[in-house]
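Commentary on secondary and tertiary structure
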Amino acid sequence: MIKLLQRTSSKAAMMAVLLASASLALSACESGQSDFEELAKHSEAMQAPPAPTLDKYGDPTGPATVQQAREFLEEAEAKIVQLSEYAARVYWVNANFITDDTNWLAAKVGAEGALLSTNLANRAKRFNGLTLPADMARKMDGLKRGSNFPAPDKEGAAEKLSTLMTKLDSTYGTGKFVFNAKNKSFAPMADGQELTKDERVLTLGEASDIIAKSRDPETLKAVWEGWRTISKPMKADYAAMASIVNDGASELGFADTGALWRSGYDMPADDFVKEADRLFAQVKPLYEQLHCYTRAELNKEYGNDVVPLDQPIRADLLGNMWGQQWGNIYDIVEPKGATKGVDVTKQLEAQDYDALKMVQTAEGFFTSLGFDPLPDTFYKRSLITKPADREVQCHASAWNINDMDDIRIKMCTKVNADDFSTVHHELGHNFYQRAYKNQPVFFKDGANDGFHEAIGDMVALSITPDYLVEIGLLDEKDVPGADADLALLLRQAMDKVAFLPFGLMVDQWRWKVFSGELTPATYNSGWWELREKYQGLRAPGVRPADAFDPGAKYHIPGNTPYMRYFLAHILQFQFHQAACEQAGFEGPLHRCSIYGNEDVGAKFNAMMEMGASKPWPDALEAFTGNRDMDATAVLDYFAPLMTFLEEENKDRTCGW
Ligand code: X8Z
Ligand code: ZN
C-alpha cells in the first residue's frame, strides 16, 4: 500500500510527462540565445508534436494508447487506495458512534468517494474500443461500472446523494418505537416523549427478541408494526436517492441503477436475470413444501383465524422481523414424536459462552483449516457487544480498514444460535479479505458478491453435532443418532430454505424502483406484491397509506444490494458439497464437517486468494471443478427432508 501511495501517478505528474516536449521548447525560447540558435530552435519547435488538446477532465483527446491506459489505472489505483482507508476509518467511527457530527463526516467522505468514482468512470470511457491485456480490461470494466450508488457528474450531486444515504442509514441505525406490553399497542418515537408505566422504548434488538420468542399473535403484530414506524419518514429521501443514482447510472451508460447492479456478474445483465430465475426455479418446489408444512403447523398452534390454510402466512409469526429465516419457531414445527436434534442456543448458554468466546470459536474453525489466526488488532478494535451508552449501527458487518491486516467486525452479538452462525458469516468476510490482500485494489473483492457472503456460511454448515463434541459444546452422549436427521434437516431448512425467496425478492423490488415501474405511491404495495408472490407471506394487518416497509429492512436504507445473499444461499451448499467430497466424507451432507481439514482449507484458500481477479466461473471451478452456479447441492442436502415434507403435505392444499 505504501509503495502504491509513493508512486507519482497523479494527474498532475502525468500531464507533466505528456507536455514535456512543448514546455522544453518554451523554456529555451525564453533564454535569449543567438539568432542562429533561435532559428534552429524555431524549426525544432515546428517539428515538435503540437500540444495535445485536453478534455474537461484534463486528459488528452484523440486516440488513447495502451500505455496511457496503464498510467490511468495506476493513477486510479493510488487514488482509490488513499481515499478508501481514510473513508473506512470515518465510516467505522460513524457506525460505532452515530451522532450528527459523525454523520456529517461520513456524508463528506462519501461525497469525496462518489466524486472520485464518477470521475474515474467517466475518464475510463476514453479507452473504449482499445484492446487491452485481460487484467487491464477487467480493471477498466470495474472502473466503468463506477459504484453501486453512482452520482452524476453534476455540481452538488455527490454531496446531495451522500447526505441522503447517510441519513437513511443512521435513521435505521437509531430506529426505536414505543411499545405498550399491556395494551399490545405501539406508537412512533417522538422527541421528549414521556412514557406511561406500561410503555417502553424498543430497539430493533429488543423487538427482534420478542418476535423470536413470543407466541402471542397480538403482541407479535404490535411489535412487528411498531418497528415499521421507523421507516415511514424515509420514503421521500429514498425516492430522491433513487433518482440521483439513476442519473448517475445513465451517465455510466446503463438503463438504470438496477441494470448497473445486474451487470456485475461477468455476463450480460439480462442473462443474470435469467440465471437468478433459473436457480430459484430449482429450489422453488422445496420452498413450497416447506411453506405448506410450516403453515399447517402454525395453523395447529394459532387456529384458523390467525393462520387460514388458503392464505399467505402472516409475516409476524415466523420468528424473525422480516420472515426471512424461520429457525426461531422450530419448536412449533418440530415433527411430533421425532428424535430431537441439537438446540445450539441451549448449549451455548449451558457452556457459559459469551460474545468473545463465540468469536474465538469461529476463528478456531478457520485456523483449523490452516488459515493464520486473526491479528491482535482484530480483537482490540472490533465491536462485538452492544454498548449501553451510545448509538451504534447494530446490523452485523465485517470491515477491511486498510485493505491489508486491519480487519474487524462490528456486531451486537447475543448468545444464541442465530448469532453463532452470524459470527462465522462475518469472519468469512474477514478471512476472504485477508486471503486476497495481495491483489491489486481493483480485485480486492469477492469473485462475485455472492461468494463473499457464502464463505463464512459454508464454514457454518460444518457445525454438526460431532463438531460440537470436538469443541466441547456438546457432550458425546448427547450426539443424536441417524433417527434425528429429520430434526437436524428441518431446523436447517427453516433458516436456509426459508431464506431463498426473500433473498430474491428484495432486489426484485429495488430493480422495479430503479426502472420506474414502482413510484413512491406504489413502493409499499409493490413490496407486498413481491413478498406474497415469492415468499407467500402477508402483513398482519392493513398497511397505512404512508408506510415504507422496505425501509425497515437494513439493506434498503443501508444501501447494500441483496441478490448476493440469494446467490450465497446456493453457493454455500455447492462449496460444502465440494469440500465434503474433497474430504472423502461418505455420509449424508448435513453430517459432514470439514473442521480440521487443512487440505480442504488450502484449496478453499486458493479460490479465496484469487479475489475478483478472474471471472467468477474460474474461481468456482478452482474449488468445485464446476463453472456454473447450481442448486443441485441444496436439493441433495435436503433430499430426505423433501421426502418427509411431501408425505406430510400429501393431503393438503399447498400454495397461496
Ligand atoms: O446482512 C447480512 C449479514 C451481513 S453481510 C449479517 N445477512 C443478510 C441479512 O441479515 O439480511 C446475512 C444473511 C442475510
Ligand atoms: Zn455478509
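Just above sits the structure.
A few points on the structure. Please read these numbers as outputs of a predicted model, since none were measured by experiment.

Conventions adopted
Residue numbers restart at each chain and count upward from 1, following the sequence in its written direction. Following the order in which they are written, the chains are lettered starting with A and the ligands numbered starting with 1. It should be noted that, the model being predicted, local features are given only for residues of pLDDT at least 70 and side-chain atom pairs only at 80 or more, the latter also being counted only at that level, while totals for whole chains, interfaces and linings use all residues. The basis for every side-chain value is the complete set of non-hydrogen atoms in the structure, without hydrogens or water. Only DSSP runs of H or I reaching four residues or more are called helices, and only runs of E reaching two or more are called strands; each is numbered from the N terminus. Throughout, radius of gyration means the C-alpha value; the globule benchmark is 2.2 Å times the number of residues raised to the power 0.38. Any residue under 20% of the maximum accessible area for its type is buried, any over 50% is exposed, and the rest in between are partly exposed; the area is computed with a 1.4 Å probe on protein chains only. Only heavy atoms enter the contact rule, under which two residues are in contact if any of them lie within 4.5 Å. A donor here means any N, O or S atom no more than 2.8 Å from the metal (3.2 Å for Na, K and Ca); water is not included, so a site may seem to lack partners. Working rule for geometry: tetrahedral if four donors all subtend angles between 85 and 135 degrees; square planar for four, octahedral for six, if opposite donors exceed 155 degrees and the others stay between 65 and 115; irregular in every other situation. Residues grouped as a nonpolar core are buried Ala, Val, Leu, Ile, Met, Phe, Trp, Tyr and Cys residues, joined through side-chain atoms within 4.5 Å. Only a pair of cysteine sulfur atoms within 2.5 Å counts as a disulfide in this structure description.

1. Points about the overall build of the protein chain
Of the regular secondary structure elements, the protein chain holds 27 helices and 7 strands. Taking 2.2 N^0.38 as the reference for a compact globule, 656 residues should give roughly 26 Å; the C-alpha atoms of the protein chain span a radius of gyration of 28 Å, in line with that estimate. Overall size of the protein chain, expressed as C-alpha extent along the three principal axes, is 110 × 60 × 45 Å. In the protein chain, which comprises 656 residues, the share counted as buried stands at 55%.

2. Considering helix 7 (residues 134–144)
Burial in helix 7 covers these residues: Met 136, Arg 138, Lys 139, Met 140 and Leu 143. Packing partners of the buried residues in helix 7 comprise helix 5 (66–96) and helix 6 (100–124). Directly after helix 7, the chain includes Gly 146, whose backbone phi takes a positive value near 60°.

3. Here's the deal with unusual backbone geometry
Non-glycine residue Lys 184 carries a positive phi angle of around 55°. In this fold, Lys 184 is placed in the loop between strand 1 (176–180) and strand 2 (185–188). Look at Asp 403: it is not a glycine, yet its phi comes out positive at around 60°. With respect to the secondary-structure elements, Asp 403 resides in the loop between strand 5 (397–400) and strand 6 (407–410).

4. Some words on the coordination of the zinc ion (ligand 2)
Coordination of the zinc ion (ligand 2) by the protein involves His 425 (NE2), His 429 (NE2) and Glu 453 (OE), with metal-donor separations of 2.0 Å. One can describe the site at the zinc ion (ligand 2) as tetrahedral: its 4 donor atoms subtend angles covering 90 to 129° at the metal. The sequence motif formed by the donor residues of the zinc ion (ligand 2) is H-x3-H-x23-E. Here His 425 pairs with His 429, and both are found in helix 18 (residues 417–435), just 4 residues apart, close to one helical turn. A relative accessible area of 9% places His 429 in the buried class.

5. Quick look at the nonpolar core
In terms of nonpolar packing, the biggest core is built from 166 residues, with Phe 451, Trp 509, Phe 566, Phe 575 and Phe 638 touching the most fellow members. Looking at this core element by element, the count peaks at 17 residues for helix 21 (residues 485–515). In this structure, Ala 69, Ala 76, Leu 116 and Leu 143 belong to the second largest nonpolar core, which totals 21 residues.

6. Some details on the state of the cysteines
Applying the stated criterion across every chain, the model contains 3 disulfides. Here Cys 394 connects covalently by a disulfide to Cys 412, the sulfurs 2.0 Å from one another. Around the S-S axis, the bridge from Cys 394 to Cys 412 shows a dihedral of about -80° and counts as left-handed. A residue pair is termed long-range when its members are at least 10 positions apart, and Cys 394 in the loop between helix 17 (376–381) and strand 5 and Cys 412 in the loop between strand 6 and helix 18 qualify at 18 residues.

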